[in-house]
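Here's the letter readout for the chains.
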Amino acid sequence: MTKEVVIDCFPESVENYRRGYAIVAVDIIRATTTAITGVALGRRCYPTPTLEAAVPLAAKLTNPLLVGELGGSMPYGFDMNNSPVELEMRSDIHRPMLLLSTTGTKLICGALISQAMYVACLRNYRSTAAYIVAHHPRVAVLGAGSRGEFREEDQLGCAWIAEILIENGYEPQDPRTISITEQWSGVSVEVIAEGASAEYLRNSGQKADLDYILTHVNDLDEVYRFEQGQIVRHAEELSLR
């Protein structure tokens, strides 16, 4: 069976990969990084696609921690911004996290119930790719995007995952996938500090999150999947040998 990988962007693109694809959602700055950081600490994480959907979800959870941003700003009534640093500093691990972001959580929540949806950031991109190689022949690696742009950090994250798949026998599905993979091959992670998302974090006093992302690369040998409304640590995990 031919193995294929495609790189694409934006929550709306999920519709193009409904049949036969596993999806990997990537939102480096910051939704998937925040989600994975929370779950790695032992906190339950429930992403929500919109603020309207967040209200009934919050009502179902017991004392939820409301985490998120819309357009870069924390929504009214939320407890904290979409920040892996702030999340890691909290001690209330027992509180389930409701996570909302402009595009990242919308992307995660966009898969069909029957579809495999993985959540990846720089912290676990290698372990995610290794698991995909062993279990899924057709894969769409999707960046969340921001303000209509396929941001540098998401291109890099998607490319690094796709590159591992290609090294393990996957065929790039289109010229764009080849181009993005080649563009970011061997590039230092520091390059994302020059992008628009990184500039926003610096200008808004949230540089600590940028520093966290740049210094937490492949430090989690774990796989995370969106299942039944929750991001969970997947039971079966592999390390690339």
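Small disclaimer: the values here were computed from a predicted structure and weren't measured.

On to unusual backbone geometry. Residue arginine 30 is reached from isoleucine 29 by a cis peptide bond, and omega for that bond is 5°. With respect to the helices and strands, arginine 30 occurs in the loop between strand E2 (22–26) and helix H1 (31–40). Even without a glycine there, the phi angle at arginine 147 is positive, about 50°. Looking at where arginine 147 falls in the secondary structure, it is placed in the loop between strand E7 (138–143) and helix H6 (152–167). When its relative accessible area of 65% is taken as the criterion, arginine 147 is described as exposed.

This part is about the pattern of salt bridges. Using the criterion set out here, one finds 13 salt bridges in the structure. Ionic pairing is found between arginine 30 and aspartate 209, a salt bridge with its closest N-O pair at 2.8 Å. Here the residue arginine 30 occupies a position in the loop between E2 and H1, and aspartate 209 occupies one in helix H9 (residues 207–215), the gap between them amounting to 179 residues. Each member of the pair, arginine 30 together with aspartate 209, is buried. Two residues, glutamate 149 and arginine 151, come together in a salt bridge whose shortest N-O distance is 2.7 Å. For glutamate 149, a relative accessible area of 40% translates into the label partly exposed. Residue arginine 151 is classed as buried on the basis of its relative accessible area of 8%.

A separate point is the packing of aromatic side chains. Counted according to the given criterion, the structure contains three aromatic pairs. When the centroid spacing of 5.3 Å and the interplanar angle of 45° are considered together, the rings of tyrosine 125 and tryptophan 160 count as tilted. Taken together, the residues span a long stretch of sequence, with tyrosine 125 in helix H5 (residues 125–135) and tryptophan 160 in helix H6 at a distance of 35 residues. Judged on exposure class, the residue tyrosine 125 and its partner tryptophan 160 are both buried.

This part covers the confidence of the model for the chain. Detailed reading of predicted coordinates is not advised where the pLDDT is low. With 97% of its residues at a pLDDT of 70 or more, the chain has an overall mean of 95. Throughout residues 236–241 the model reports pLDDT below 50, and contacts reaching past four residues in sequence, or to other chains, amount to 18 contacts.

All right, on to the nonpolar core then. Grouped burial of nonpolar side chains is what soluble globular proteins tend to show. With 69 residues, the main nonpolar core has Val24 and Ile231 as its most contacted residues. With eight residues, the single largest contributor to this core is H6. Beyond its immediate chain neighbours, meaning those up to four positions away, isoleucine 231 contacts Ala35, Val39, Cys45, Pro47, Ile108, Val119, Tyr224, Arg225 and Phe226. Residues Ala54, Phe78, Leu98 and Leu100 belong to the second largest nonpolar core, which totals nine residues.

Each value, and the rule that gives it
- Residues numbered from 1 in each chain as written.
- Predicted model: local features only at pLDDT ≥ 70, side-chain atom pairs only at ≥ 80, totals over all residues.
- Heavy atoms only, no water.
- Helix = DSSP H or I, 4+ residues; strand = E, 2+ residues; numbered from the N terminus.
- Buried < 20%, exposed > 50% of the residue type's maximum accessible area, 1.4 Å probe, protein only.
- Salt bridge = Lys/Arg side-chain N within 4 Å of Asp/Glu carboxyl O.
- Phe/Tyr/Trp six-rings, centres within 6.5 Å; stacked < 30°, edge-to-face > 60°.
- pLDDT = per-residue confidence, 0-100.
- Contact = heavy atoms within 4.5 Å.
- Core = buried A, V, L, I, M, F, W, Y, C linked by side-chain atoms within 4.5 Å.

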